[in-house]
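Coordinate analysis (summary)
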Amino acid sequence: MVGEVHARELRHSLNDPDAFWARQAEALHWDQPWNTVLRTESDEDYAWFPGGQLNTCFNALDRHVDAGRGDQAALIYDSPVTGSHRQYSYAELRDEVARFAGALRNEGVEAGDRVIIYMPMVPGAVIAMLACARIGAVHSVVFGGFAPPELAKRVDDAKPALIVTATCGIEPNRTIPYLPLLDEALEIAEHPVPRCIVLQRPECDHPLKPGRDIDWYAACEAAEPADCLPVDATHPLYILYTSGTTGKPKGVVRDHGGHAVAMHYSMGTVYDSHPGDVYWAASDVGWVVGHSYIVYAPLIRGCTSILYEGKPVGTPDAGAFWRVIDQYKVNVLFTAPTALRAIKKEDPRGEHLGNHDIGSLRGLYLAGERSDPDTIAWAQQHLKVPVVDHWWQTETGWAVAANCRGLEPLPIKPGSASVAVPGYDIRVLDDAGEPVPAGHIGNIVLKLPLPPGTLSTLWNNEDGYRDNYLSRFPGYYLTGDAGFIDEDGYLSIMSRIDDIINVAGHRLSTGAMEEVLAAHPDVAEAAVIGAADALKGQLPVGLVVLKSGVDRDEATVCQELVAAVRASIGAVACFRTVGVVKRLPKTRSGKVLRGAMRKLANGEPCPVPATVDDPAILDEIREALADLGYPKTDRSAAA
Ligand code: COA
Ligand code: AMP
């Protein structure tokens, strides 16, 4: 059983969602009150706060300035990769955002138009997002680690009126000029993008394309500040593309009203964070964690948010996180377990902590992948704060299961993502749709309607929204994760039910990688699996069958395949391992047995599936994986 306070709040949220969420929404500024809190046409067709009007940017910035908090730090940019840092007060950030919103307007961007933001972790990315929100434009941020073809897919789906970019991103080992990548993407894309606003970074001065590109600073200078435009609560705030089972990314759509309410509520309830606190999500604005907890939630809540352009290790060392916590007196840190594993690997005894005072830290929150108990224990021992694993996904936008320390601290069970967050009705069903008993693994689903702040649809793809999430178990949202709920109501996430893998906290589609491999002229068939990795949780491993008659050197083909995935999807895929096999294991109906191959790669017992057409193939796969170094011996951290 969860704690009494938590249980009461959860019950209230599910039994009387109208009253519950109306109360949460009152914390925000509404230009026009809603007609109904939750309008339900059917299980699948519902809307939060219809009739209401507000502006998310107003609630994130102007509201605090108007309330007399203009001088408080809103955003602190800390960039070890450039050796710089800068602080923006709420008033300064509002003014910069208003000015850039005016620049967008000058370029003809109107409410409802899409704007793609392809930027590194610089304040301009946050400013561009909020500026879109300010004028009702719909932003779609594309992670800088994606290659031009992935950017092109998003351009063709979102059909932006304009792209905002910077001249480069900076990785510890290299500077990545963005404009050549943008040029390539726009050449591949069918949708024409007439205008790009380019932030020239001092680290990489790049000539702009006449007629297409506009300099960020010149655009701002020529612009008048734009006021916030009140929009319908159901108006789209952003589209964020995430990996599905195929190469076509899914555009998760988030609205203004429900999202702002959920962001505000989650900061207090899940993270126990309050106005004036310093909150740091060490993620990237290109991911949902960055959208929700670098940009929107901390600002809507009136906190100071840290924007960190660096890594947990190597910028310059494994003490980087502790330096930032000390320097800015961070109260709450949110990161992916893989970041802690990277720190732990370099500094197992936590010696860097001796150089910094992290006494301001009240809690560490982990998500993006399962937190292995070893990592949690290490963090608890060295940081001496509660370490909370919590579970959510791009689609939900905020935590579904967590130890809600803003309600009451619950016992921490390492390996579990804790209990249902108020607003969410989590169930575990078997394949026939029947509830499974406590402790039994099944499909994790959420009873509809989902709470405010969750996806309202997939962009341009209402059918895909229904097919992917709603049709499998009528009345429930399918999360795609499998796991169990124990006798105490604690949820443990065990695996995905689809072919999505999680590499260093990044969600990637093996289907997308397979499409790239299969497009190679020498490849007849390809399969990609996620093999356990001690640092990154999982790493992709490819197995390909060459076309008959191909007699090229296999190692050369494999190198080409690695290069092709990097060029098509991006470095972030971490695709470095591929082997050639004579055939792939399949069921009699021709379905590739990826699960069996994954077990072999991980050194797990793998009984020959009854459906396999020829059991000897598994031995061939085992040998091929052994040639690639699988199973790895050091899997303890990811186990
Ligand atoms: N732009 C361009 N390239 C990027 C990039 C970006 N924004 N982010 C990562 N890459 C590149 C890296 O340079 C690397 O390239 P390489 O193959 O040339 O070395 C590749 O993508 C893989 O990057 P990454 O997975 O980050 O590996 P890493 O070895 O550089 O760092 C960690 C390992 C664990 C330190 C790092 O993965 C990390 O900090 N993870 C935390 C993840 C996170 O915050 N997830 C968000 C969800 S909460
Ligand atoms: P993303 O949409 O990129 O945030 O990825 C979401 C997916 O990451 C989830 O569906 C899970 O598979 C996985 N995930 C996120 N958080 C956790 C967690 N705390 N424990 C286990 N898996 C997680």
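Just so you know, these numbers come straight off a predicted model, no measurement behind them.

1. Structural notes on the sheet that holds strand β27 (residues 491-496)
- Spatial strand order, β23-β24-β26-β27: 4 strands in an open sheet with antiparallel pairing. Across the chains shown, the open sheet's two edge strands, defined by having one partner strand only, are β23 (426-429) and β27. Here the average twist between neighbouring strands, direction ignored, is 50°.
- Strand direction decides the pairing type here: β23 and strand β24 (residues 442-447), joined by 4 bridges, are antiparallel. Within β24, the position partnered with Leu429 by the bridge is Asn443.

2. Quick word on the pattern of salt bridges
- Using the criterion set out here, one finds 38 salt bridges in the structure.
- With a closest N to O distance of 2.7 Å, Arg362 and Asp277 form a salt bridge. Of this pair, Arg362 sits in the loop between α12 (337-346) and β19 (363-366) while Asp277 sits in the loop between α9 (257-269) and β16 (278-281), placing them 85 residues apart in sequence.
- In this structure Asp277 comes out as buried when scored by relative accessible area, which is 12%.
- Through salt bridges with shared partners, a single network forms among Glu44, Glu462 and Arg466.

3. Quick look at the site of ligand 1
- Residues in close proximity to ligand 1 total 26 residues, the closest being Glu171, Arg174, Lys536, Arg566 and Arg576.
- Here a nitrogen atom of ligand 1 sits 3.4 Å away from a polar atom, N or O, in the main chain of Gly145.
- One of the side-chain N or O atoms of Arg174 is found 3.0 Å from an oxygen atom in ligand 1.
- Split into classes, the residues belonging to the shell around ligand 1 amount to 13 nonpolar, 7 polar and 6 charged.
- Residues lining the shell around ligand 1 come from more than one domain, with at least three contributed by each of domain 1 (4-310 + 390-479) and domain 2 (519-638).

4. Description of the pairing of β19
- Burial along β19 is two-sided: the face carrying Gly363 and Tyr365 and the face carrying Leu364 and Leu366 are both buried.
- As judged from the 4 bridges shared by strand β18 (residues 332-335) and β19, these two strands associate in the parallel manner. Residue Val332 lies in a different strand from β19, and its bridge partner there is Gly363.
- One crossover worth recording links β18 to the parallel β19 by way of α12, and it is right-handed.
- Inspection of the sheet shows β19 paired to strand β20 (residues 387-389) by 3 bridges, in the parallel sense. Among the inter-strand pairings, Leu364 is bridged to a residue of β20, identified as Val387.
- For the crossover from β19 across helix α13 (residues 373-383) to β20, the handedness is right-handed.

5. What about the domain arrangement of the chain?
- Segmentation of the chain into domains returns domain 1 (4-310 + 390-479) and domain 2 (519-638).
- Computed from C-alpha atoms alone, the centre-to-centre distance between domain 1 and domain 2 is 35 Å.
- Interface of domain 1 and domain 2: buried area, both sides summed, is about 500 Å²; carbon and sulfur atoms make up 56% of it.
- Between the two partners, domain 1 and domain 2, sit 0 salt bridges.
- Our count for the domain 1 to domain 2 interface comes out at 1 residue pair in polar contact (both at pLDDT 80 or more).
- Looking at the side of domain 1 that touches domain 2, the element that brings in the most residues is helix α6 (residues 148-158), giving 3 residues.
- Residue classes in the side of domain 1 that touches domain 2 are distributed as 6 nonpolar, 1 polar and 2 charged.

6. Some words on helix α18 (residues 616-627)
- The terminal C-alpha atoms of α18, which comprises 12 residues, lie 17 Å apart, in line with the 16 Å expected from a rise of 1.5 Å per residue.
- Among all positions of α18, only Ile617, Leu618, Ile621, Ala624 and Leu625 are buried. An end-on view of α18 places all buried positions within 120° of arc, on one side of the element. Residues of α18 that are exposed and angled more than 90 degrees away from the buried face: Glu623 and Asp627.
- Contacts from the buried residues of α18 go to β31 (537-546), β32 (577-581) and α17 (594-602).
- Among the residues trailing α18, Gly629 stands out with phi positive, at a value near 95°.

7. Regarding the packing of helix α3 (residues 56-69) against helix α5 (residues 123-135)
- The contact between α3 and α5 brings their axes to 7 Å, and the two run at 115°. The chirality of how α3 crosses α5 is left-handed. Contacts between α3 and α5 involve Cys57, Ala60, Leu61 and Asp62 from the first element and Leu130, Ala133 and Arg134 from the second.
- Tallied by class, residues from the contact of α3 with α5 come to 5 nonpolar, no polar and 2 charged.

8. Describing the confidence of the model for the chain
- Averaged over the chain, the pLDDT score is 96; the fraction of residues at 70 or greater is 99%.
- Per-residue pLDDT stays below 50 along residues 635-639; that stretch engages in 12 contacts with residues further than four places along the chain or on separate chains.

9. A few points about the site of ligand 2
- The local shell around ligand 2 holds 15 residues, among which Asp389, His390, Thr394, Asp481 and Arg507 are the closest.
- In this structure, a nitrogen atom belonging to ligand 2 sits 3.5 Å away from a main-chain N or O atom of Arg370.
- Here ligand 2 has 490 Å² of accessible area as a free molecule, and 92% of this is covered by the chains.
- Among the residues making up the shell around ligand 2, the classes are represented as 4 nonpolar, 5 polar and 6 charged.

10. Here's the deal with the sheet that holds β18
- Spatial ordering of the open sheet is given by β5-β4-β17-β16-β18-β19-β20, a layout of 7 strands whose pairing is mixed. Both edges of this open sheet fall to β5 (84-89) and β20, since each of them pairs with a single strand only. Across the sheet, the mean angle from the axis of one strand to that of its neighbour is 20°, orientation sign disregarded.
- In this sheet, strand β17 (residues 304-308) lies alongside strand β4 (residues 73-79) in parallel orientation, the contact comprising 4 bridges. Pairing of Asp78 across the sheet is with Tyr308, part of β17.

How each quantity is defined
Residues numbered from 1 in each chain as written. Chains lettered and ligands numbered in written order. Predicted model: local features only at pLDDT ≥ 70, side-chain atom pairs only at ≥ 80, totals over all residues. Heavy atoms only, no water. Pairing = 2+ DSSP bridges. Helix = DSSP H or I, 4+ residues; strand = E, 2+ residues; numbered from the N terminus. Axes fitted to C-alpha atoms, helices over the stretch in contact; angles between N-to-C directions. Salt bridge = Lys/Arg side-chain N within 4 Å of Asp/Glu carboxyl O. Buried < 20%, exposed > 50% of the residue type's maximum accessible area, 1.4 Å probe, protein only. Near = heavy atom within 4 Å. Polar contact = N/O pair within 3.5 Å; in protein donor to acceptor, adjacent residues only side chain to side chain. Nonpolar A, V, L, I, M, F, W, Y, C, P; charged D, E, K, R; others polar. Domains from an automatic or database assignment. Right-handed = clockwise from strand over helix to strand, strands pointing away. Buried area = accessible area lost by both parts, 1.4 Å probe. Expected span 1.5 Å × (residues − 1). Arc of directions from axis to C-beta. Contact = heavy atoms within 4.5 Å. Left-handed = near helix turned anticlockwise from the far one by under 90°. pLDDT = per-residue confidence, 0-100. Areas by Shrake-Rupley, 256 points an atom, 1.4 Å probe, with all protein chains shown as cover.

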